[in-house]
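# Examining the three-dimensional arrangement
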Amino acid sequence: MTDADHVFYEFSDALLFPGYFGWNWDALSDCLRDLNWLPADGYLIIVENAPWLGSSSAEDRHTLFRILSRAVHYWASPLGQPDGKGVPFKVLLLCDRDEEAALLRQEVARAVHNMR
């Protein structure tokens, strides 16, 4: 998922996004916070080769990190959720080396911090 188009495709394919998915960042955010076509007690998103995620554009990469963070917080909130309970929504970014993981952790923190 080195660019936005591949990110949209992979998420749409993996999570069976509906035909009305708009193939843009807002649509990705909306679908990740809806998922009514894929009901579950919890969600786990696993991204392999995470250091390459959005590597063609730092701006797109940070946008994706912010969208994923918003989805995690949305699902964790009991407001508007079935039975008034949060739903686990976790994102696991897989890296081959500890150095990659440390750099990715810092980048995610910067992206999420900048959305406040």
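Residues numbered from 1 in each chain as written. Predicted model: local features only at pLDDT ≥ 70, side-chain atom pairs only at ≥ 80, totals over all residues. Heavy atoms only, no water.

Along its length, the chain carries four helices and two strands. Ordered by position from N to C terminus, the α and β elements of the chain give α-α-β-α-β-α. The C-alpha atoms of the chain give 14 Å as radius of gyration, which agrees with the globular expectation for 116 residues (13 Å, within 12%). Referenced to the eigenvectors of the C-alpha coordinate spread, the extents of the chain come out at roughly 40 × 30 × 25 Å. For the chain, restricting intrachain contacts to residue pairs at least 6 apart in sequence, the fraction spanning at least 24 positions comes to 55%. Counting only carbon and sulfur atoms, one obtains 53% of the accessible surface of the chain, whose full area is about 7200 Å². Both charge centroids of the chain, one from 10 positive and one from 17 negative side chains, sit 10 Å from each other. (Helix = DSSP H or I, 4+ residues; strand = E, 2+ residues; numbered from the N terminus. Rg over C-alpha atoms; globule rule 2.2 N^0.38 Å. Contact = heavy atoms within 4.5 Å. Areas by Shrake-Rupley, 256 points an atom, 1.4 Å probe, with all protein chains shown as cover. Lys, Arg positive; Asp, Glu negative; His and termini not counted. Charge placed at Lys NZ, Arg CZ, Asp CG, Glu CD.)

What follows deals with the side chain of Thr63. Inspection of the secondary structure puts Thr63 in helix H3 (residues 58-76). With relative accessibility at 16%, the residue Thr63 sits in the buried group. (Buried < 20%, exposed > 50% of the residue type's maximum accessible area, 1.4 Å probe, protein only.)

Only one face of strand S1 (residues 43-47) is covered, namely the face carrying Tyr43, Ile45 and Val47; the face carrying Leu44 and Ile46 is uncovered. Here S1 pairs with strand S2 (residues 89-93) via five bridges, running parallel. Directly across from Ile46, in S2, lies its bridge partner Leu92. (Pairing = 2+ DSSP bridges.)

With that out of the way, let us pick up the environment of Glu59. Position of Glu59 among the secondary structure elements: in helix H3. For Glu59, a relative accessible area of 61% gives the class exposed.

With 19 residues, H3 extends 27 Å from end C-alpha to end C-alpha; this agrees with the ideal 27 Å at 1.5 Å per step. Buried within H3 we find Arg61, His62, Thr63, Leu64, Phe65, Arg66, Ile67, Leu68, Ser69, Ala71 and Trp75. Of the surrounding elements, those touching the buried residues of H3 are helix H1 (4-15), helix H2 (25-32), S1, S2 and helix H4 (98-113). (Expected span 1.5 Å × (residues − 1).)

Time to look at the pattern of salt bridges. Under the criterion given, the structure shown has four salt bridges. Of the charged contacts, one joins Glu100 and Arg97 as a salt bridge, the two residues approaching to 3.6 Å between their closest N and O atoms. A relative accessible area of 18% means that Glu100 is categorised as buried. Residue Arg97 is classed as partly exposed on the basis of its relative accessible area, which comes to 48%. Here the salt bridges do not stand alone but share partners, grouping Arg97, Glu99 and Glu100 into one network. (Salt bridge = Lys/Arg side-chain N within 4 Å of Asp/Glu carboxyl O.)

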